[in-house]
Amino acid sequence: MPADAAGATAGGTAAAADPAAPPGAGSAAAGAGSAAAGAGSAAAGAALLAQWTLACCAVWALLTVLPLHLTQRHHGAGTVAALVTEAVVSLRLMRILAGPALGRLRPRTAITAALGLGALAFGALAATGGSAVVLAAVLPVLGLGFGMNAMALKLIAAAAPDRRRARGFASQAVAVNLGMALGPLGGVALQQRFGTAAFCAAAACVHVVALGLVMLAGPPGEAAGAAVGAGRTRWKALLREPGPRMPLALTALGFVLYTQLFATLPLYAKEVLGAGGSLGTVFLVNGVLIIALQLPVTLLSGRLGVRPTTLCAVGFGCFAAAFACLGAGRTVAWLFAGVVLVTFAEMLLMPALDVLVGSAGPARHRAAHFSLAALATGLGEAVGSFSGVRVATADGLGTARLYTALAVLTAALLLGTTAVRLLRTARTAAAAAAAAGHDPGVPGDG
């Protein structure tokens, strides 16, 4: 039973059991119960976002501290590269393994287990001082916990009513960006002053605090997880379903474009501007805009009734405009204009893609669909990074030509898909008009 309904029922039952209650007391008690349930639901939602922000702070801090720690221990370049790559891949692709397990777990149980895995992983690193062997063994465990947490939150947001679904995904994106902004700052400062063991111990404590928030606030259990009780899903059957194909394709394409912000923008700053001095400010602008504007933009689009597919189209349009600025411009102003447009593309596109993936099929398939979306994300990042860097560093090409080509291709794809949608809509309307014209029940029909 939903929380609001449970609160109203409890309040009404309590009032009915009291023979001295005045008329209307049942309704008043029901309203009070509903209000209390609503307050409890808000507290649970705040606890979910708080624990996710804390977990992101710890994990993004580790990604920043890891190469510093390994080089301080005088490990070879191959070892450093292998462990950093293992960390990145584990955090992204372990979500795919987390999907089937989440189909049989309540979201609260999954989040509790995820934070427990994080605390244990960081605790093991603290106890061993960040040994390379322990790192290699622990990073997949940490990635699994982080992936379970992320996937459980997506399932909770996807199970919300339509009007609140995009807000949930947007709030999670804000939490991720807060973690990316705050975690590395605190983590590097702690590691540089007190050592890696102290940093890992603090990260373990952060996970314990996050776990305490989840246990105290009591986030949604079975009611929020539509995938609870679902049987084992066959991946081949999922791939044959038409519903998730387009959202997954858009997800892969979106991350091919978005990853250029991190894969090729440093090369652009060095090649076009002649120095990378403004690069830190560029990424700061991206993070600050996401934190400040992601929720307002999502709420505004919801109030205006903008559909997720329309938001995706506008987002890809922002990508095309951003790459046009980066390809044509040769100044800091063009650079920042491009970054701002990429940021707005991220704001519009990412929550809309999550909504499309979460509504692509029956509720029992949501965990599997989000696992496939994680795979599409990793594929898009890999293709975008490799192809972008390959073109940007090729003789006679460079980042300016890369961005110009991406602008043209994105605009052409956007115009083509828009034309196809309009044509399909026109054909559907014409078929409906023809059917109505031949309907014997229509007044005036011969």
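Residues numbered from 1 in each chain as written. Predicted model: local features only at pLDDT ≥ 70, side-chain atom pairs only at ≥ 80, totals over all residues. Heavy atoms only, no water.

Draft legend 1. Main features of the environment of Val-65. Note on placement: Val-65 falls in helix α2 (residues 25-72). On the basis of relative accessible area, Val-65 is assigned to the buried category, the value being 1%. Along the sequence, Val-65 and Val-188 sit 123 residues apart, while their C-alpha atoms lie 5.8 Å from each other. Among residues more than four places away in sequence, those in contact with Val-65 are Gly-187, Val-188, Gln-191 and Phe-199. (Helix = DSSP H or I, 4+ residues; strand = E, 2+ residues; numbered from the N terminus. Buried < 20%, exposed > 50% of the residue type's maximum accessible area, 1.4 Å probe, protein only. Contact = heavy atoms within 4.5 Å.)

Draft legend 2. Seen up close, the pattern of salt bridges. Tallying each qualifying case throughout the model produces one salt bridge. Notably, a salt bridge pairs Lys-154 with Asp-354, separated by 3.0 Å at the nearest N-O pair. Of the two residues, Lys-154 is situated in helix α5 (residues 132-158) and Asp-354 in helix α14 (residues 332-358); the sequence distance between them amounts to 200 residues. Considered together, Lys-154 and Asp-354 belong to a single accessibility category, that of buried residues. (Salt bridge = Lys/Arg side-chain N within 4 Å of Asp/Glu carboxyl O.)

Draft legend 3. The confidence of the model for the chain, seen in detail. Summarising the model, the chain shows a mean pLDDT of 80, and 80% of its residues fall at 70 or more. For the chain, the element scoring lowest by mean pLDDT is helix α1 (residues 3-16), at 41; helix α13 (residues 308-328) scores highest, at 93. A low-confidence stretch, residues 1-37 stays under pLDDT 50, and its non-local contacts, those more than four residues away or across chains, total 21 contacts. This model gives residues 221-231 a pLDDT under 50, and the stretch forms 25 contacts once residues within four places in sequence are excluded. (pLDDT = per-residue confidence, 0-100.)

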